[in-house]
Amino acid sequence: MTSISERITQKLTEAFAPQALRVIDESHQHQGHGGWREGGETHFRVDIVSEAFAGKSRLERHRLVNAALAQELADRVHALAIAAKAPGEG
């Protein structure tokens, strides 16, 4: 079975052809809090750099990532922190 982290990586890679991508499972930091489930994979941080984000606002970038991960967000993922940048942005 594919982990949620692997599915997120695959979907974001297919959707955005990123120059850089990090998917970090932060579920262990939220144990006992809302949305946390046994086994983790409920809280993630995504750092992504892609040309697809050039000229887009922060809100537009987040909407694009959320749309690409709609199934995961509707299923197991409770929280997703997103840092989406275009190449050359600091």
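Going by the structure above, here's the rest.
Residues numbered from 1 in each chain as written. Predicted model: local features only at pLDDT ≥ 70, side-chain atom pairs only at ≥ 80, totals over all residues. Heavy atoms only, no water.

### Examining the overall build of the protein chain
And step 1. In terms of helices and strands, the protein chain carries three helices and three strands.
And step 2. Secondary structure elements of the protein chain, listed N to C terminal, follow the sequence α-β-β-α-α-β.
And step 3. Here the protein chain, with 90 residues, has 32% of them falling under the buried criterion.
And step 4. For the protein chain, long-range pairs separated by at least 24 residues make up 64% of all intrachain contacts whose partners lie at least 6 apart in sequence. (Helix = DSSP H or I, 4+ residues; strand = E, 2+ residues; numbered from the N terminus. Buried < 20%, exposed > 50% of the residue type's maximum accessible area, 1.4 Å probe, protein only. Contact = heavy atoms within 4.5 Å.)

### Focus on the pattern of salt bridges
And step 1. Enumeration over the complete set of coordinates arrives at five salt bridges.
And step 2. Two residues, D47 and R22, come together in a salt bridge whose shortest N-O distance is 2.6 Å. Taken together, the positions of D47 in strand β2 (residues 43-49) and R22 in strand β1 (residues 20-25) put the pair 25 residues apart, joining distant regions of the chain.
And step 3. Several salt bridges converge on common partners, so that one network encompasses R7, K11 and E72. (Salt bridge = Lys/Arg side-chain N within 4 Å of Asp/Glu carboxyl O.)

### Quick word on the packing of aromatic side chains
In this description, a pair of aromatic rings is defined by centroid distance and the angle of the planes.
And step 1. Counted under the stated rule, the structure contains one aromatic pair.
And step 2. Aromatic pair F16 and F53: ring centres 5.1 Å apart, planes at 35°, arrangement tilted. Of this pair, F16 sits in helix α1 (residues 4-16) while F53 sits in the loop between β2 and α2 (58-68), and the two are 37 residues apart along the sequence.
And step 3. Judged by its relative accessible area of 0%, F53 falls in the buried class. (Phe/Tyr/Trp six-rings, centres within 6.5 Å; stacked < 30°, edge-to-face > 60°.)

### Regarding the pairing of β2
And step 1. Where β1 and β2 come together, six bridges link them in antiparallel fashion. Paired with A20 across the strands is V49, a residue of β2.
And step 2. Bridge count for β2 against strand β3 (residues 79-85) is seven bridges, and the pairing is parallel. Along β3, the bridge assignment pairs V46 with I82. (Pairing = 2+ DSSP bridges.)

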